Structures are given as structure tokens and as C-alpha cells.
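# Structure assessment
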Amino acid sequence: MMTFQKTPNDSSLAHLPVGVQARVIAVAGSNAVARRLMEMGVVPGAPVRVIKTAPLGDPMEIRVRGYHLALRRTEAQTITVTAVTD
Amino acid sequence: MNTTLESPPPVKDLAGTAEKSRGKRLTIALAGNPNAGKTTLFNTLTGLRQKVANYPGVTVERKEGVWPLVPGGNAHARLIDLPGLYSLDAASIDERIARDVLTGQIAGLPAPDIIVAVVDATNLERNLYLATQLLEYGRPLVIALTMIDLAERRDIEIDVERLAQELGVPVIPVMASQRRGIDALSAAIIELAGNTGVGPGWRLSETAERELSSLAEQAGVKHARHAVLRDLYGEELPADTERRAAVELARARLSEADRNWWQEPLLARYDWIEQVTARCVRQSSNHQRPTATERIDRILTHRIFGPLVLIAVMLLVFQTIFSWASLPMDLIDKGFGTLGELLRNNMSPGLLTDLLVDGIIAGVGGVLVFLPQILLLFFFITILEDTGYMARAAFLMDRLMRGVGLHGKAFMPLLSSFACAIPGIMATRTIENPKDRFATIMIAPFMSCSARLPVYALLIAAFFSTQKVLGFVSVGALMIVSMYMLGIAVAVCVAWVLKHTILKAPPPPLVLEMPPYRVPNLLTVAQAVWSRAWLFVRRAGTVILAISIILWALVTFPRSNATDNPSATAAEVTATDTGAREGTDNTAVNQGEQGRDETGEQIRNSFAGRAGRLIEPLIAPLGFDWKMGIGLISSFAARETLVSTFSIVYNVGPDENEGSPSLIDAVRNARRPDGTPAWTPLVAVSMMVFFVLACQCMSTIAVVRRETNSWRWPLFMVSYMLVLAYVASLITFQGGRLLGFT
């Protein structure tokens with residue numbers, strides 16, 4: 001099973017600036033939403049990038065595994081990511 | 001790119017294998033993610049040999065068709081199209097149904113001999129997640145790889161042979177719209193028939209595998225691995241008490257070791273998928289280049305342009321529905337009118353003629369006249385869905401919808417409800433959480449549907465059409481807009497109240513794929529429009545037809561002594577629908593006062609008239625008399641019957657050879673017993689307000705009953721809407737009078 005070290009650079013996906021490439025560290029909670037997010041490919045280790053936010057600032061659109069996914073900030077808050085510098 | 005499409009294998013080779021399986025017809029299930037091209041493939045494989053129904057007890061669409069595996073041969077297969085799915089785990093209705101189909105739990109539907117997994121080549125990893133779960137079912141599986149041309153354009157190289165090797169199942173590239181790869185797909189299926197599946201390629205950690213095997217042992221041989229996995233990791237615990245205790249113990253042990261124990265199968269699957277794709281997929285480095293979809297979305301989900309485009313799209317759709325549809329609607333209307341006249345002129349007058357012309361033809365015509373609007377609306381909805389714009393609409397509207405506690409996905413069902421609440425309510429099933437879904441269903445009937453239009457049209461034409469405000473806006477247009485706005489405003493309030501009381505729940509999550517934009521496939525659009533329209537015609541048609549016949553009987557019986565002429569009520573209904581919608585066509589003519597009295601007497605003493613007089617004290621405070629009461633009663637079956645009912649009640653030409661007076665004039669000239677006008681502009685407004693808010697539609701009630709699987713919700717909906725309608729109408733009429741309006 002994959003594990004990723006937490007670093008001080010970690011933040012929630014909700015606070016990831018638009019356009020910054022990042023990697024998922026953890027998906028918190030054991031509720032239906034976390035399960036659905038992981039089924040859609042948002043699992044630890046997956047690269048993600050925020051594409052944009054909707055006109056009223058919520059929801060947000062991310063790119064993961066080569067496709068686009070919309071989710072609300074409350075959902076994004078449960079996803080811990082770390083920025084990838086390359 | 002290695003994805004060359006094989007040329008079809010010679011049919012002769014297949015014949016021998018097909019021969020073997022002739023005794024039993026193959027059942028094949030088609031599964032895949034939404035937007036993976038499953039519908040296009042299904043339509044190509046089955047052509048027009050398909051039927052759409054529902055799974056018992058739920059409104060999940062059940063599509064199945066016949067697939068002639070070998071052209072001209074007799075190895076026809078039964079092809080089941082599963083709903084679009086991302087996973088088989090979660091508790092949504094679609095996913096539960098898909099599981100039941102795969103395990104053979106649906107009555108009359110054997111477990112599939114072969115599963116065809118539709119996998120989108122441009123979105124391989126996420127699409128393979130479902131395929132991985134399907135592998136776990138241990139049935140023979142074939143992967144149909146779609147969108148390879150798009151993948152190629154995005155510089156995604158897929159080694160198909162290697163992929164097949166890694167997965168252990170045949171992988172067949174198909175381009176359904178061009179019929180390429182179809183023969184290879186049939187060949188793979190015929191070869192696989194009767195084999196066993198390969199099972200999953202991934203394992204869990206040792207601890208977890210140990211728990212799985214001990215649970216499997218306890219359950220006995222018939223419990224397959226996928227079922228044990230589901231018991232241990234599924235969201236719901238098994239129903240059996242003993243089993244549940246064992247599973248709970250196992251879960252407790254696992255969670256002690258790892259807080260996120262439940263994520264293990266999810267991670268293991270993706271882990272395996274990543275290993276597989278790492279060996280078979282090469283993506284050129286310049287994939288950071290924005291795709292066409294991303295460029296389009298720079299406008300369509302733009303902070304400012306996005307909402308403007310959405311408003312423009314909505315305006316276009318509604319403008320089209322109301323303006324383009326009017327010509328075919330008039331034609332259908334005239335057609336039924338002519339048919340009725342033809343029958344009446346060629347049949348001997350009598351009850352049978354009346355029933356045919358007034359009951360059946362008027363009833364069927366009254367429904368079919370809305371068909372052009374419904375077809376157009378479904379056409380637009382299908383186009384918006386198929387292009388991928390629907391997801392953008394939900395994305396743009398989600399924040400606003402959440403303001404009243406609803407889901408972004410509720411936007412489109414509610415928008416559809418402006419044409420008809422039935423497809424709107426059916427469309428809510430994309431909303432996963434039942435509470436959000438029920439809240440959406442409960443407010444959908446407030447959207448002014450097309451069946452209310454004839455009512456608004458009649459009353460506005462009678463009382464408001466000529467006046468103008470500020471010199472250019474007609475009061476009629478203003479009135480219609482106000483009615484739509486009233487419905488929306490009440491819906492927002494009710495949604496807020498429901499979400500804070502009986503349907504209280506945290507704000508619904510939104511996890512929504514934004515699919516790439518695609519040019520819609522015309523066959524798919526036509527198919528979708530046709531099947532949805534047919535469902536509408538059948539459902540609404542049967543109810544309204546029955547109600548029309550009953551209503552005709554209620555107005556015709558018991559026969560009063562004064563009238564012996566059975567066609568007295570008859571001529572009117574023929575005039576009803578024509579008179580209703582385009583009342584201006586007919587010119588008022590003088591009519592025999594004698595006949596008017598006779599028919600009036602007949603209606604007054606009929607069952608319907610007695611019912612109308614019975615409720616008169618109740619509706620008098622709203623400004624309504626007993627004749628309007630008949631209309632209210634009959635319109636509880638379907639709103640538009642109000643118009644035909646008024647035709648029966650008011651339109652009283654005793655001699656059918658004389659032109660019937662226009663219904664509009666009849667409404668204007670209707671008098672109360674004391675000689676004052678029965679209708680005033682204020683009464684008309686009160687009536688319209690009532691129609692905005694009351695749930696007067698049998699078909700809606702039936703659909704809500706089916707969607708919520710209980711009588712509680714539809715009964716609750718009818719009662720609270722009736723109370724709201726009554727109170728609002730009361731306030732309108734009494735308040736209006738206090739303010740000095742008449």
C-alpha cells in the first residue's frame with residue numbers, strides 16, 4: 001500500500017492555486033464522498049492540478065488522470081496535496 | 001499507434017463456433033463509464049432492434065436489444081445495456097441495478113454469459129477502474145476500446161496487444177459510428193462463450209487477504225470473491241445477523257491496524273491499473289498543450305461569459321420550444337378536429353359517436369398536441385447532454401443551487417420541468433443522495449410546465465391580451481412571466497424549508513465529471529428523443545385518455561329530462577381544443593337561448609355539476625363558482641383538461657351545424673345567477689395562481705410514486721401544494737378586492 005510522507009508544503013486541494021501541479025497525499029474521512037473521489041481516481045499518489053473555479057468561487061474544476069472533475073471546496077478540503085516542482 | 005483495426009475475420013470460421021452455442025442464446029451485458037461511448041456502441045450493435053423499459057420498482061432505464069453476432073447467421077445475442085457507471089461499489093440506484101444484473105438477481109434476466117466493458121482510450125486509468133471491478137465478477141469479459149482516434153490526436157499511444165495480455169482479456173478497438181471493429185468484437189465474444197473469467201490481477205495486503213479468506217470460508221462455496229469483498233468493504237453491512245457480526249469483527253481488526261483500512265481495495269485497484277498502463281501506454285511529453293475542450297471552456301465556464309452563454313442557451317431553447325412548436329401543434333390540433341368532424345358526419349348520432357369524438361379523439365388529441373414541444377425539449381436536452389454542456393451548466397449553477405440546499409445537478413431536471421415535470425422528475429436520478437433528490441422532485445412541479453400554458457393562454461387572451469404597459473410590453477406577456485416567476489419563487493422557498501426540516505442533510509457533495517466536448521451522434525440523439533417521447537406519450541396518453549372518457553361520462557350522465565339530444569354536449573368538445581388554444585379563430589355567433597338553457601341544465605344535474613356545486617362554498621372565497629369547480633376537479637387529472645372542461649361547461653351551441661362560439665367569448669360572457677360576470681380579471685389571476693401552485697397531474701403523481709417507491713411522498717406533495725395553491729389564491733382574490741381590483 002502506498003504511503004506518502006507529510007511535509008510542511010502540504011495543503012488542502014482547496015487552497016492549491018490555479019495551475020500549480022500537485023500530488024495527492026491523502027483523502028480524509030471514510031464517508032461516501034471520499035469513496036467516490038477515490039473511485040474517480042483521486043487516490044494518494046495521483047497528480048492533480050486546479051484548472052479554474054466557477055464564477056461564484058465554488059465549485060472548482062481539477063484535472064486528474066487526464067480528465068476533468070468538478071468538486072466543491074468542502075470536498076476539496078478533505079484532500080491533502082503537495083505541490084510538485086519539476 | 002498500435003491500434004490498427006483488424007479486418008473482419010471470415011464468417012466461415014465463426015460458423016462452427018456459433019453452431020456450438022446455438023442451443024442457448026447468449027446474454028451479453030454492456031457496461032461502461034458515462035461518456036465512454038457505450039450508447040453509440042449499443043445503438044450500432046442492435047440497430048433498431050431494441051426496447052426501453054424500466055427495472056421493476058425503480059425508474060432506472062432498462063435497455064436491451066438483439067445483437068446478430070454473425071451477419072445473416074442465427075447466433076443472435078441478447079444485449080443488456082447497463083446504466084453508465086463509475087464503480088460497482090457505491091449505493092446509488094444505478095450501481096445497485098448494475099450489480100443485480102451482473103449477478104442475475106433481476107427476474108427474467110439470467111446472469112450475463114459475457115460482459116463487454118466499454119473503455120474510453122482517452123481516459124484509460126479511470127475507465128479501467130470499472131473494468132477491474134468487472135474482472136472481479138469472474139465472468140468472461142471483453143474490453144471494447146473506444147475513442148482511439150481521439151486518443152491518437154492527443155498523442156496517447158496504446159499497445160492494445162500488450163494491454164490485452166496484461167489484463168488477461170481480449171481488448172478490441174472499436175469505432176462504433178463507423179462500424180469498425182464490430183466483427184472483431186463478435187468474434188472475440190463467440191470465442192469466449194462458455195469460458196470462465198480470469199478474475200482480478202490484484203491482491204490485498206496479507207492481513208486483509210486473511211480476513212477475506214476466513215470470511216469466504218464461513219460463507220461457503222457459493223460466495224464468490226467479489227461478494228466477500230463487498231461484505232467486508234462495502235458501505236452497507238450484510239443483512240444476515242450472523243454474517244454481519246463476523247464482518248464487523250473483521251472490520252474492527254483491520255481498522256485497528258490502519259485507520260484508512262477501507263481504502264485498501266480502491267488503492268490496490270488503481271495501483272494495479274497504473275502498473276498495467278505504465279507498460280502499455282505512452283504519452284508524448286507535449287500533453288500539457290491545452291485540448292480543444294479546455295479552449296472551449298475558456299469561454300463556456302468563464303467567470304463572466306460562462307453565465308451569459310448559459311442564459312443565452314436557455315433563452316434560445318425556450319424561444320424555440322414556444323415558437324417552432326406552434327406550427328406542428330396547430331396542425332395536430334386541426335387534424336384531430338377534422339377527424340372528429342369526419343366521424344361525427346359519417347356516424348349516426350348517439351352515445352358511441354359522442355364517446356369516440358368527445359372522449360377518445362378529444363382526449364388523445366389533447367395530449368398529442370403537446371408532442372412537438374416535448375420532442376423539441378428532449379431534442380435540446382439530449383444535445384446538451386451529448387455535447388457535454390450539461391455538466392458545465394451544473395458547474396456554473398451549483399453555487400446558486402446550493403444556496404437553497406440543492407445540488408448543481410438539480411438544475412437540469414428543474415429546467416426540463418418547464419416543459420413537463422415527468423421527464424424532469426425522471427432526470428433527478430443522476431442526483432445520488434436521496435434527500436437531495438426528493439427535495440428536487442418535490443419542487444419540480446412548481447416549474448410552469450407546457451400543460452399550464454393553454455390555461456394561461458385562455459385566461460390571458462380573455463382578460464389581458466390587449467392592454468400594454470409603458471406602451472410596448474403587453475400585460476399578457478407580463479402576466480405569463482409573473483406566473484413563471486411565482487412558481488420559481490415558491491419552489492426556492494419550499495426547497496429551503498424542506499432542506500431545513502424533513503429533508504435536513506448537510507450540503508450535498510458534488511463530484512462531477514466534466515466530459516470532453518463531443519459532436520453528438522445523430523442516431524443516438526434520435527434514439528434518445530424517440531424513446532423518451534414515446535414513454536411520455538404512453539404514460540400521459542393513457543391517463544389523460546382515461547380521464548377524458550370518465551369526464552365525458554360525468555358530464556353526460558345522468559341524462560336530464562330536458563335534453564334528449566345526445567350530441568348537445570358533443571359539438572362543444574370538438575370545438576374545445578381548437579377553441580381553447582386559438583379561440584380567436586372562431587367568431588362568436590348568436591345561439592339559441594333555448595339550447596343554452598337545456599345544456600346548462602344537463603351539466604348542472606350531471607355528476608360533474610353536482611360535484612362542482614358541492615365544492616362551491618369551499619372555492620367561493622377564491623372567486624370561483626361551481627362551473628369553475630367542475631374545471632378544478634377535472635383538472636386534477638391533468639391541467640390542460642381545464643380548457644376542454646370549460647368548453648363543455650360554457651360552450652353551448654345546441655345545433656352542431658352552427659359555428660361554435662369562441663371559448664374566450666364564452667368565458668367573458670359567463671354570468672353568475674345574479675347576472676354579474678362570473679369572470680373578472682381578478683378571478684382569472686386567482687385561477688392562474690391556483691394553477692401555478694397546485695399539483696394537478698395524475699402522471700406526475702404516478703411518476704413520483706415510482707421514483708420514491710412509496711405513496712407517502714406523492715401524497716405529501718399533492719397535499720402541501722394544494723394547501724399552498726388555496727392559500728395563495730385566497731390571498732390573491734381577497735387581497736385584490738381589498739385593494740380595489742375587480
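Residues numbered from 1 in each chain as written. Chains lettered and ligands numbered in written order. Predicted model: local features only at pLDDT ≥ 70, side-chain atom pairs only at ≥ 80, totals over all residues. Heavy atoms only, no water.

### Digging into the overall build of chain B
Within chain B one finds 32 helices and 12 strands. Taking all 742 residues of chain B together, the buried fraction comes to 55%. When contacts within chain B are restricted to residue pairs at least 6 apart in sequence, long-range pairs at least 24 apart make up 74% of them. (Helix = DSSP H or I, 4+ residues; strand = E, 2+ residues; numbered from the N terminus. Buried < 20%, exposed > 50% of the residue type's maximum accessible area, 1.4 Å probe, protein only. Contact = heavy atoms within 4.5 Å.)

### Some points on the confidence of the model for chain A
Counting all residues, the mean pLDDT for chain A is 87, and 87% of those residues have values of 70 or more. Within chain A, no element has a lower average pLDDT than helix H1 (residues 32–39) of chain A, which sits at 88, and none a higher one than strand S4 (residues 60–64) of chain A, at 95. (pLDDT = per-residue confidence, 0-100.)

### Examining the interface of chain A and chain B
Each partner contributes residues to the interface: chain A has 38 residues there, and chain B has 50 residues. Seen at the junction of chain A and chain B, the total is six salt bridges. Of the charged contacts in the structure, one is a salt bridge between Glu294 of chain B and Arg63 of chain A, with a shortest N-O distance of 3.3 Å. On the surface where chain A and chain B come into contact, there are 18 residue pairs in polar contact (both at pLDDT 80 or more). Where the side of chain A that touches chain B is concerned, the elements lending two or more residues are H1, strand S3 (47–53), S4 and strand S5 (67–71) of chain A. It is H1 of chain A that contributes the most residues to the side of chain A that touches chain B, eight residues altogether. Taken together, the residues of the side of chain A that touches chain B sort by class into 21 nonpolar, six polar and 11 charged. In the sheet, S5 of chain A pairs with strand S12 (residues 511–514) of chain B via four bridges, with the strands oriented antiparallel. Residue His68 of chain A lies in a different strand from S12 of chain B, and its bridge partner there is Met514 of chain B. (Salt bridge = Lys/Arg side-chain N within 4 Å of Asp/Glu carboxyl O. Polar contact = N/O pair within 3.5 Å; in protein donor to acceptor, adjacent residues only side chain to side chain. Nonpolar A, V, L, I, M, F, W, Y, C, P; charged D, E, K, R; others polar. Pairing = 2+ DSSP bridges.)

### Thoughts on the sheet that holds S12 of chain B
With antiparallel pairing, the seven strands of this open sheet are ordered in space as S1(A)-S6(A)-S2(A)-S3(A)-S4(A)-S5(A)-S12(B). With one partner strand each, in any of the chains shown, strand S1 (11–12) of chain A together with S12 of chain B form the two edges of the open sheet. With five bridges connecting them, S4 of chain A and S5 of chain A associate as antiparallel partners. Each bridged residue has a counterpart across the sheet, and for Glu61 of chain A the counterpart in S5 of chain A is Ala70 of chain A. Docked against the sheet, helix H12 (residues 292–300) of chain B engages S3, S4 and S5 of chain A, running at close to 30° with respect to S3 of chain A. (Axes fitted to C-alpha atoms, helices over the stretch in contact; angles between N-to-C directions.)

### Remarks on the side chain of Ser417 of chain B
Residue and element names in this part refer to chain B. Within the secondary structure, Ser417 is located in the loop between helix H18 (411–416) and helix H19 (421–427). Residue Ser417 is classed as buried on the basis of its relative accessible area, which comes to 0%. A polar contact is formed between the side chain of Ser417 and the backbone oxygen of Pro413, at a distance of 2.8 Å. The contacts of Ser417, once residues within four sequence positions are left out, are Gly424, Ala444, Met447, Ser448 and Cys449.

### Quick look at unusual backbone geometry
Residues and elements named next belong to chain A. With omega at -5°, the peptide bond leading from Asp58 into Pro59 counts as cis. Tracing the backbone shows Pro59 in the loop between S3 and S4. One non-glycine residue with positive phi stands out, namely Arg65, at about 50°. Considering the arrangement of structural elements, one finds Arg65 in the loop between S4 and S5.

### Digging into the environment of Val118 of chain B
Of note, Val118 of chain B is situated in strand S5 (residues 114–120). Non-local contacts of Val118 of chain B, meaning those with residues more than four positions away in its chain, are made with Leu30, Ala31, Gly32, Asn33, Ala36, Gly37, Lys38, Leu41, Asn127, Ala144 and Thr146 of chain B.

### Observations concerning the packing of helix H20 (residues 434–443) of chain B against helix H31 (residues 698–708) of chain B
Residues and elements named next belong to chain B. Following both chains from N to C, one finds H20 and H31 inclined at 175°, their axes separated by 11 Å at the closest point. By the angle between their directions, the pair H20 and H31 is classed as roughly antiparallel. Contact residues: H20 offers Arg437, Phe438, Ile441 and Met442, while H31 offers Val704, Glu707 and Thr708. Looking at side-chain class alone, the contact of H20 with H31 contains four nonpolar, one polar and two charged residues. (Parallel < 35°, antiparallel > 145°, perpendicular 65-115°, else oblique.)

### What about the pattern of salt bridges?
Summed over the entire model, instances satisfying the criterion amount to 24 salt bridges over all chains. The salt bridge partner of Lys63 of chain B is Asp81 of chain B, with a shortest N-O separation of 3.8 Å. With Lys63 of chain B in strand S3 (residues 61–68) and Asp81 of chain B in strand S4 (residues 76–81), this pair connects stretches of sequence that are 18 residues apart. The exposure classification of Lys63 of chain B matches that of Asp81 of chain B, with both residues buried. A salt bridge links Glu513 of chain B to Arg126 of chain B; the shortest N-O distance between them is 3.2 Å. One end of the pair, Glu513 of chain B, is in strand S12; the other, Arg126 of chain B, is in helix H4 (residues 124–136), with 387 residues separating them in the sequence. Judged by its relative accessible area of 6%, Glu513 of chain B falls in the buried class. On the basis of relative accessibility, which here comes to 1%, the residue Arg126 of chain B falls in the buried class. By sharing partners, the salt bridges in this structure join Arg36 and Glu39 of chain A together with Glu95 of chain B into a single network.

### Observations concerning the packing of aromatic side chains
All names here are of chain B. Tallied over the entire structure, the rule returns 11 aromatic pairs over all chains. Summarising the aromatic geometry, the rings of Phe624 and Phe690 are spaced 6.4 Å apart at their centres and angled 85° between planes, so their arrangement reads as edge-to-face. With Phe624 in the loop between helix H26 (607–619) and helix H27 (626–635) and Phe690 in helix H30 (residues 681–693), this residue pair connects regions lying 66 residues apart in the sequence. Residue Phe624 is classed as buried on the basis of its relative accessible area, which comes to 1%. Each member of the aromatic cluster is reached from another via a ring pair, and the members are Phe438, Phe446, Trp713, Phe716 and Tyr720. Here the guanidinium or amino end of Arg225 rests over the ring plane of Trp202, the centre of that ring lying 5.4 Å away. The side chain of Arg392 reaches across the aromatic face of Tyr517, ending 4.1 Å from its centre. (Phe/Tyr/Trp six-rings, centres within 6.5 Å; stacked < 30°, edge-to-face > 60°. Lys NZ or Arg CZ within 6 Å of the ring centre and 35° of its normal.)

### What to know about the environment of Val490 of chain B
All names here are of chain B. With respect to the helices and strands, the residue Val490 is situated in helix H22 (residues 475–500). Classification of Val490 by relative accessible area gives buried; the value is 16%. Sequence separation between Val490 and Met447 is 43 residues; the distance between their C-alpha atoms is 9.5 Å. In contact with Val490, not counting residues within four places along its chain, are Phe446, Leu693 and Leu724.

### Digging into helix H16 (residues 371–387) of chain B
Residues and elements named next belong to chain B. With 17 residues, H16 extends 24 Å between its outermost C-alpha atoms, agreeing within 8% with the 24 Å of an ideal straight helix rising 1.5 Å per residue. Among the 17 residues that make up H16, 12 are buried, leaving the element largely enclosed by the rest of the structure. Positioned one or two residues after H16, Gly388 has a phi angle of 100°, which is positive. (Expected span 1.5 Å × (residues − 1).)

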